Amino acid sequence: AKSEGGNRYAVADPDSDARAISRHHLTHHLPGALKGCEFFIEYQPLIRMADGRTEGAEALVRWSHPRHGVLGPDRFIPLAEHTGLIVPLGRWVLREAVRQAREWQDEGRGGAEPLRVNVNLSPRQLHHPDLVEETVGVLEEFRVAPEALCLEVTESAMVRADDHELKPLRKLSELGVGIALDDFGTGYSNLASLRRLPAGTLKLDRSFTEGLQHHPADPVDLKIVDGIVSLAHTLGLAVTVEGVETSGQADRLRELGCDSAQGWYYARPGPPEQLPITV
Ligand code: C2E
Ligand code: CA
Ligand code: CA
Ligand code: CA
């Protein structure tokens, strides 16, 4: 038993050690990375299911690390959230994404309806006292309509917030900014809590779309998604599905009444020039 334990240790150690060092290293270099403009944004198209029109895109931040290459947000957003750097980083993402929305409009990329940009908001930003003022300020600076911006807040963050803490989101929603409940289905909200949230869109987590990949689709998964879509529509919420990877999934989700979709089947996150896409 002893040698077995020793083996496991020897195998597991270098890996977890490397992770620990790099977490520390990454945390240490985050502020400099922001000053040094090492972050960039990829845009993943959001597709209206009824007609395949590109509604807009979700802004997804990446870190172009001089030594480690391009790092995904899962590597550094939790660290930035922990240290508080997420506030200036999130501020940069918001401003850059709204600037991009203005550029799409100037280039005539959305046609008659301007393309919308979706921006992820972390819990720290949600509770920052200047959220409303800064958001309105950025929209005014770039002369972008509030309707061309949607803020995505995770279900768990929104459900945890009390009515006072939800005031800024409610205010932004009244001004016309879209609010989406991100990763829906992972945060255990109930009907009552859905009603009190200022969201106009529910983003169904990828875990639900996964069950619809197989042919025939899992009948229980179909019923669950069907039920969530009906519930959302009853409450006046639009439904966006994430993680659509196959045409079969897209067909089933359209049949179930989902309003818009996002996923590799349509397009991977990429440069802003890929918008609009043809479906
Ligand atoms: P999220 O908001 O749930 O974003 C969707 C994630 O799913 C993205 O991962 C996207 O690349 C990935 N994805 C899209 N389509 C597919 C698909 O068809 N299949 C699969 N398997 N995955 C797909 P990404 O870019 O790595 O972002 C991870 C998370 O990091 C995001 O999850 C979001 O919570 C967070 N994040 C990204 N950018 C920001 C930001 O600017 N601020 C904050 N606070 N969080 C951000
Ligand atoms: Ca999101
Ligand atoms: Ca999501
Ligand atoms: Ca997700």
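Residues numbered from 1 in each chain as written. Chains lettered and ligands numbered in written order. Predicted model: local features only at pLDDT ≥ 70, side-chain atom pairs only at ≥ 80, totals over all residues. Heavy atoms only, no water.

J.: Go over the nonpolar core with me, naming the residues and quoting the values.
T.: Soluble, globular proteins show a tendency: their nonpolar side chains are buried together. Grouped together as the largest cluster of nonpolar side chains are 75 residues, with contacts concentrated most on Tyr43, Leu149, Leu151 and Met158. When residues of this core are assigned to their parent elements, the largest contribution, nine residues, is made by helix H3 (residues 86-106). (Core = buried A, V, L, I, M, F, W, Y, C linked by side-chain atoms within 4.5 Å. Buried < 20%, exposed > 50% of the residue type's maximum accessible area, 1.4 Å probe, protein only. Helix = DSSP H or I, 4+ residues; strand = E, 2+ residues; numbered from the N terminus.)

J.: Pulling in residues and values, what's your account of the coordination of the calcium ion (ligand 2)?
T.: Around the calcium ion (ligand 2), the donor atoms from the protein are Glu58 (OE), Asn120 (OD1), Glu152 (OE) and Asp182 (OD), and they sit 2.2 to 2.3 Å away. Distance-wise, the calcium ion (ligand 3) is placed 3.7 Å from the calcium ion (ligand 2), both being coordinated by Asp182. Of this pair, Asn120 sits in strand S4 (residues 116-120) while Asp182 sits in strand S6 (residues 178-184); the two residues are 62 residues apart in sequence, bridging distant segments of the chain. For Asn120, a relative accessible area of 29% corresponds to the partly exposed category. Judged by relative accessible area, which is 6%, Asp182 ranks as buried. (Donors = N, O, S within 2.8 Å, 3.2 Å for Na, K, Ca; no water.)

J.: Outline the packing of aromatic side chains, supporting the account with residue identities and numerical values.
T.: On inspection of all chains with the given rule, the structure shows five aromatic pairs. For the ring pair Phe39 and Phe76, a centre distance of 5.4 Å and an interplane angle of 50 degrees mean the geometry is tilted. A residue pair is termed long-range when its members are at least 10 positions apart, and Phe39 in strand S1 (residues 39-48) and Phe76 in helix H2 (residues 73-83) qualify at 37 residues. As far as the burial class goes, Phe39 and Phe76 line up, both buried. (Phe/Tyr/Trp six-rings, centres within 6.5 Å; stacked < 30°, edge-to-face > 60°.)

J.: So what's going on with the layout of surface pockets? Residues and values would help.
T.: Within this model, the largest pocket holds a volume of roughly 1,200 Å³. Along the walls of the largest pocket sit 37 residues, with Glu58, Leu60, Pro73, Asp74 and Asn120 positioned nearest its centre. Where the lining of the largest pocket is concerned, the elements lending two or more residues are strand S2 (54-65), H2, H3, helix H4 (123-126), strand S5 (149-154), helix H6 (155-160), S6 and helix H9 (206-210). Split into classes, the residues belonging to the lining of the largest pocket amount to 14 nonpolar, 11 polar and 12 charged. Reported here for the second largest pocket is a volume of approximately 180 Å³. Taken together, 20 residues line the second largest pocket, and the ones lying closest to its centre are Arg116, Gly200, Thr201, Ala238 and Thr240. Elements represented by at least two residues in the lining of the second largest pocket include exactly S4, S5, S6, strand S7 (201-204) and strand S8 (238-241). Grouping the amino acids of the lining of the second largest pocket by side-chain chemistry returns eight nonpolar, seven polar and five charged. (1 Å grid on protein atoms, 1.4 Å probe; cavity = no way out; pocket = protein on both sides within 12 Å on 5 of 7 lines; lining within 4 Å. Points joined across faces, edges and corners; volume = space filled by probe spheres on them. Nonpolar A, V, L, I, M, F, W, Y, C, P; charged D, E, K, R; others polar.)

J.: Describe the coordination of the calcium ion (ligand 3), with residues and values.
T.: Donor atoms from the polypeptide that coordinate the calcium ion (ligand 3) comprise Asp182 (OD), Asp183 (OD), Glu242 (OE) and Glu242 (OE), at 2.1 to 2.8 Å from the metal. In terms of primary sequence, the donors binding the calcium ion (ligand 3) are separated according to D-D-x58-E. A residue is classified by how much of its surface remains accessible, and Asp183, at 25% relative accessible area, is partly exposed.

J.: Break down the site of ligand 1 for me, citing the residues and quoting the values.
T.: Taken together, 21 residues sit near ligand 1, with Gln44, Arg62, Arg206, Glu245 and Trp264 positioned nearest. Val61 is positioned with one of its backbone polar atoms (N or O) 3.2 Å from a nitrogen atom of ligand 1. One of the side-chain nitrogen or oxygen atoms of Asp183 is found 3.3 Å away from an oxygen atom of ligand 1. For ligand 1, the accessible surface in isolation is 800 Å², of which the surrounding protein chains cover 84%. (Near = heavy atom within 4 Å. Polar contact = N/O pair within 3.5 Å; in protein donor to acceptor, adjacent residues only side chain to side chain. Areas by Shrake-Rupley, 256 points an atom, 1.4 Å probe, with all protein chains shown as cover.)

J.: How would you sum up helix H11 (residues 247-255)? Please name residues and give values.
T.: Taken as a whole, H11 has its buried residues at Gly248, Gln249, Ala250, Arg252 and Leu253. Check the buried side of H11 and you find it contacts H9, helix H10 (219-234) and S8. Phi for Gly257, located one or two positions after H11, is positive at around 95 degrees. (Contact = heavy atoms within 4.5 Å.)

J.: Go over the pattern of salt bridges, please, and point to the residues and values.
T.: It is possible for side chains of opposite charge to pair when their charged atoms get near one another. Applying the stated criterion across every chain, the model contains 16 salt bridges. Glu107 is the salt-bridge partner of Arg109, the closest N and O atoms lying 2.5 Å from each other. Since its relative accessible area comes to 24%, Arg109 is described here as partly exposed. Residues joined in a network through salt bridges with shared partners are Arg48, Asp51, Arg53 and Glu113. (Salt bridge = Lys/Arg side-chain N within 4 Å of Asp/Glu carboxyl O.)

J.: Give me the lowdown on the packing of H3 against helix H5 (residues 131-141), citing residues and values where you can.
T.: For the pair H3 and H5, interaxial distance at closest approach is 9 Å and the crossing angle is 30 degrees. Our classification of the angle between H3 and H5 gives roughly parallel. Crossing handedness for the pair H3 and H5: right-handed. From H3, Arg91, Leu94, Arg95 and Val98 reach across to H5, where they touch Glu134, Thr135, Val138, Leu139 and Glu141. In terms of residue class, the contact of H3 with H5 is built from four nonpolar, one polar and four charged. (Axes fitted to C-alpha atoms, helices over the stretch in contact; angles between N-to-C directions. Parallel < 35°, antiparallel > 145°, perpendicular 65-115°, else oblique. Left-handed = near helix turned anticlockwise from the far one by under 90°.)

The values are spatial; any link to function lies outside them.
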